[in-house]
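Architecture at a glance
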Amino acid sequence: MADVVTAPRGLRVAIMTDAVGWHTRELQRALRERGASGRCVDLAECRIDTTQAWHGLVLPGFGAELPDAALVRGIAGGSFEQVTKRLGVLHALAALGVPVYNEARAIERSVDKSMTSLLLHAAGIPTPPTWATESLALAQRLVTRESAAGRALVLKPLFGSQGKGLLKLGCVDGVHVPLPVEPGLGGADAALYGGLAYLQRYVEPLAAPGHDWRVLVVGGRAVAAMRRVSTHWVHNVARGARCVPQSLASGDGPAIARLAVDSAAALEMDYAGVDLMPTRAGPLVLEVNGVAAWQGLQRVAPVDVARALVDDLLDRKCAGLAGRRQA
Ligand SMILES: Nc1ncnc2c1ncn2[C@@H]1O[C@H](COP(=O)(O)OP(=O)(O)O)[C@@H](O)[C@H]1O
Ligand SMILES: [Mg+2]
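Residues numbered from 1 in each chain as written. Chains lettered and ligands numbered in written order. Predicted model: local features only at pLDDT ≥ 70, side-chain atom pairs only at ≥ 80, totals over all residues. Heavy atoms only, no water.

**Side note on the sheet that holds strand E9 (residues 167-172)**
Strand order in the open sheet formed by five strands is E7-E11-E8-E9-E10, and the pairing between neighbours is antiparallel. Sheet topology places strand E7 (130-133) and strand E10 (175-177) at the edges, where each strand pairs with a single neighbour. The sheet shows a mean angle of 25 degrees between the axes of neighbouring strands, taken without regard to direction. Two elements, strand E8 (residues 152-156) and E9, share four bridges in a ladder whose sense is antiparallel. Across the sheet, residue Val154 finds its bridge partner in E9, namely Lys168. Those strands touched by helix H4 (residues 113-122) are E7, E8 and strand E11 (197-201), and its axis lies near 45 degrees from that of E11. (Pairing = 2+ DSSP bridges. Helix = DSSP H or I, 4+ residues; strand = E, 2+ residues; numbered from the N terminus. Axes fitted to C-alpha atoms, helices over the stretch in contact; angles between N-to-C directions. Contact = heavy atoms within 4.5 Å.)

Given below as structure tokens:
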């Protein structure tokens, strides 16, 4: 049998987060159980200082050292410049040989919902028809056309999360709802999110109350799933959806597991929270999250999610560090 290469004990992991709480405590606990340690680092507080160390990065709490690995749990919103620097720190860590989980490019692919849709589509993964355009006229024509065909669309902020800012347009309960245009602005300054219309065809619920699924993929394996049930069409836990256990082995489990794993692979993600909706023709993938929360999922899933993440980070991404450290 081949030698099993495991991560050495004593690894120092930077948990990149703007919010210390349940998730970071869970990760620190799971890291401790593996003989490693986790220190919370806010990417907003990381800086570049080429006078401080050979590598030019300063991470609070790490002095002139680099962490052995970085686990990305949250990146706060900010100006274009601030977010560029925060992602730049993750890019720099990877370039300096530090495993970053998920890496910056994977986070960029999933944070931009239009890129997610494009990559899912190009990989042949079933996802609702989706459009992203800067042209208000084109977006309006699209809403009119879909509405005339009796269909609804969802307008989403490109960088949205937790079900915030979603609007149903087009043919909604038989009534035409146009694209919102802020009164007084008009024309090209219409109230598209950031001047961009990201529109996805609305998937009608199969039952009332409706549900969607969240599947968590870790290291190419679906490790946990739940149904999110609510009377409101937006099924995020943050919007009050009820978490219901979903087996991955029976019923719809194997189909959603396969799609979720393929979605994570299409976006090259170490771990991913994949949202899917049921349709009569089979599940559709709505969205892929690169910094997924799992507090709701943990309540109904029979696996230790933090432990699954930490095991995958250490065993798959940090195993090579063993040789380096022991050399
Ligand atoms: N095209 C759609 N059809 C039906 N429901 C949708 C659609 N898009 C989003 N939803 C509902 O809204 C929720 C949030 O949308 P999502 O794209 O996952 O954005 P967020 O990043 O805010 O979670 C989904 O979990 C689903 O319940
Ligand atoms: Mg979502």
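Let's pick the thread back up.
**A word on the pairing of E9**
One ladder, built from three bridges, connects E9 with E10; its direction is antiparallel. From the neighbouring strand, Cys171 faces E10, where its bridge partner is His176. Connecting the antiparallel pair E9 and E10 is a turn made up of two residues, with Asp173 showing a positive phi of about 50 degrees.

**Here we look at the sheet that holds strand E13 (residues 221-230)**
Across the sheet, which stays open at both edges, the five strands sit in the order E14-E13-E12-E15-E16 with antiparallel pairing between neighbours. The two strands at the open ends of the sheet, each matched to only one other strand, are strand E14 (242-245) and strand E16 (284-289). The sheet shows a mean angle of 30 degrees between the axes of neighbouring strands, taken without regard to direction.

**Notes on the coordination of the magnesium ion (ligand 2)**
At the metal site, the magnesium ion (ligand 2) is ligated by Asp275 (OD) and Glu287 (OE), and these contacts range over 2.0 to 2.2 Å. Here Asp275, found in strand E15 (residues 271-277), pairs with Glu287, found in strand E16; they are 12 residues apart in sequence, far enough to count as distant. Across the pair, Glu287 and Asp275 agree in class, each one buried. (Donors = N, O, S within 2.8 Å, 3.2 Å for Na, K, Ca; no water. Buried < 20%, exposed > 50% of the residue type's maximum accessible area, 1.4 Å probe, protein only.)

**Structural notes on the nonpolar core**
Among the nonpolar cores identified, the biggest contains 31 residues, and Leu27, Leu309 and Cys318 are the most heavily contacted of them. Looking at this core, the elements with two or more residues in it are strand E1 (12-16), helix H1 (22-33), strand E5 (69-72), strand E12 (210-218), E13, helix H7 (295-300) and helix H8 (305-317). A per-element tally of this core places H8 first, with six residues. With near-sequence residues (within four places) excluded, Cys318 lies in contact with Ala7, Pro8, Leu11, Ala69, Pro99 and Leu313. If you look at the next biggest cluster of nonpolar residues, it comprises 20 residues, including Trp213, Leu267, Ala272 and Leu276. (Core = buried A, V, L, I, M, F, W, Y, C linked by side-chain atoms within 4.5 Å.)

**Topic: the side chain of His55**
Here His55 lies in the loop between strand E3 (47-48) and strand E4 (57-58). Classification of His55 as buried rests on a relative accessible area of 12%. Of note is the side chain of His55, whose polar atom sits 3.0 Å from the backbone nitrogen of Leu57. (Polar contact = N/O pair within 3.5 Å; in protein donor to acceptor, adjacent residues only side chain to side chain.)

**A closer look at the site of ligand 1**
In the vicinity of ligand 1, 22 residues are found, and the nearest of them are Lys113, Lys156, Gly163, Asp212 and Glu287. Interatomic distance of 2.8 Å between a side-chain N/O atom of Asn236 and an oxygen atom of ligand 1. At a separation of 2.8 Å, an oxygen atom of ligand 1 approaches a polar side-chain atom of Glu287. Relative to its unbound accessible area of 540 Å², ligand 1 is 99% covered by the protein chains. Of all the elements in the fold, those that place two or more residues in the shell around ligand 1 are E8, E11 and E16. For the shell around ligand 1, the per-class residue count stands at seven nonpolar, seven polar and eight charged. (Near = heavy atom within 4 Å. Areas by Shrake-Rupley, 256 points an atom, 1.4 Å probe, with all protein chains shown as cover. Nonpolar A, V, L, I, M, F, W, Y, C, P; charged D, E, K, R; others polar.)

**As for unusual backbone geometry**
Each neighbour pair has its own omega, and for Tyr101 with Asn102 the value is -15 degrees, a cis peptide bond. Structurally, the position occupied by Asn102 is in the loop between strand E6 (100-101) and helix H3 (104-111). Of the consecutive residues Ala208 and Pro209, the connecting peptide bond is found in the cis state with omega at -5 degrees. Tracing the sequence through the fold places Pro209 in the loop between E11 and E12. Its identity is not glycine, yet Gln162 carries a phi of approximately 55 degrees, on the positive side. Here Gln162 is to be found in the loop between E8 and E9. Relative accessible area serves as the criterion here: at 43%, Gln162 is assigned to the partly exposed category. Despite not being glycine, Glu268 has its phi angle at roughly 55 degrees, a positive value. Topologically, Glu268 is positioned in the loop between helix H6 (253-266) and E15.

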